[in-house]
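In case you want the letters, here they are:
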Amino acid sequence: MTLPQPRRPAVGVVLAGGVGQRVGRDTPKQLIEIAGKTIIEHTIAVFDAAPEIDEVLVLMTPGFTGEVERLVARNGFGKVGRVLEGGASRTETTWRALEALRGRECDVFLHDAARPLLEPRIITACAQALKVHPAVEVAVPSSDTIVVTAPGPHGAVVGDVPDRSRLWRAQTPQCFRLPVIREAYERALADPGFADRPATDDCGVLLRYLPDVPIHIVPGSELNMKVTHPVDVLVAETLLRFAAETPDG
């Protein structure tokens, strides 16, 4: 039986290194204003208000850290310790965050800045899970059938249809005890083949380089959407305005 560990400080890491070309903007999508505030303000606010989070670290697109620092000051986000420049990829941005926390004994909650509708109960559930498990993945069961494609003579064809009951859609935060995810990234960055086949998220790095470390699933939420395409901006704005107008929202 795995016993709960003593509480470690928890750092919410808001990853905002991308520009967001798919959403159709030249400036970072995290600075798009929806429901009266920028996306990144909504996201930081959730972590800043979470009692389980002791500190917030923001990784922002190079050239825009000053803008985020002004937003932090304007909102009085007291838990934001630093706003740092992100990297050219998700992997590099995460590594910069881990380097900024070098030498710390803490848990890290790695979260996409473009998911502004994160519910506080998910942070609570992740914090509880990290008392027992070294790594946590927030995910929701797939309501869609997923197909695996194969190359065909005129384009992609269906190669396989996996059992949907075993398929979940990954979200964030992805949460870890810091030494665990650091070791996984150190192994990844030491692997010459990693750049040719980079992982798409942090749990993917852990699964590939420390496969014996179990990753516990915490149920996410369909509301915890990622703003990626232009229509997502409209959906997120509607949901955020609805939450603001709901007494318990």
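This is a predicted model, so every value here is computed, not measured. (Residues numbered from 1 in each chain as written. Predicted model: local features only at pLDDT ≥ 70, side-chain atom pairs only at ≥ 80, totals over all residues. Heavy atoms only, no water.)

Broken down by element type, the protein chain carries seven helices and 11 strands. For the protein chain, the C-alpha radius of gyration of 18 Å lies close to 18 Å, the compact-globule estimate for 249 residues. Taking the principal axes of the C-alpha coordinates as reference, the protein chain spans close to 55 × 45 × 35 Å. Sorting the 249 residues of the protein chain into buried and exposed places 46% on the buried side. Sequence-distant contacts, at least 24 apart, represent 74% of the contacts inside the protein chain between residues at least 6 apart. Summed over all atoms, the accessible surface of the protein chain reaches about 12600 Å², with 55% contributed by carbon and sulfur. Counting 27 positive and 32 negative side-chain charges, the protein chain places the averaged centre of each group 2 Å from the other. (Helix = DSSP H or I, 4+ residues; strand = E, 2+ residues; numbered from the N terminus. Rg over C-alpha atoms; globule rule 2.2 N^0.38 Å. Buried < 20%, exposed > 50% of the residue type's maximum accessible area, 1.4 Å probe, protein only. Contact = heavy atoms within 4.5 Å. Areas by Shrake-Rupley, 256 points an atom, 1.4 Å probe, with all protein chains shown as cover. Lys, Arg positive; Asp, Glu negative; His and termini not counted. Charge placed at Lys NZ, Arg CZ, Asp CG, Glu CD.)

Looking now at the pattern of salt bridges. In the structure shown here, the tally under the stated rule is 15 salt bridges. Of the charged contacts, one joins arginine 121 and glutamate 119 as a salt bridge, the two residues approaching to 3.7 Å between their closest N and O atoms. Residues joined by salt bridges that share partners form a network here, namely Arg90, Asp112, Arg115 and Asp202. (Salt bridge = Lys/Arg side-chain N within 4 Å of Asp/Glu carboxyl O.)

Let's shift gears to the side chain of aspartate 107. If you trace the backbone, aspartate 107 turns up in strand E6 (residues 107-112). When residues no more than four places from it in sequence are discounted, the contact partners of aspartate 107 are Arg8, Pro9, Ala10, Val11, Leu130, Phe176, Arg177 and Leu178.

By the element assignment, leucine 207 lies in helix H6 (residues 202-209). The exposed category is assigned to leucine 207, whose relative accessible area is 54%. Measuring from C-alpha to C-alpha, the distance between leucine 207 and alanine 184 comes to 8.4 Å, with 23 residues separating the pair along the chain.

Pairing is mixed in the open sheet, where seven strands are placed in the order E5-E4-E1-E6-E10-E7-E11. Where the open sheet ends on each side, the last strands, each with one partner, are strand E5 (80-85) and strand E11 (216-219). In this sheet, neighbouring strand axes are inclined to one another by 25° on average, regardless of whether the strands run parallel or antiparallel. By the bridge criterion, four bridges tie E6 to strand E10 (residues 168-177) in an arrangement that is antiparallel. The residue bridging leucine 110 from the neighbouring strand is glutamine 174, located in E10. Each of E6 and E10 is contacted by helix H5 (residues 178-190), which is oriented at about 110° to E10, the strand it contacts most. (Pairing = 2+ DSSP bridges. Axes fitted to C-alpha atoms, helices over the stretch in contact; angles between N-to-C directions.)

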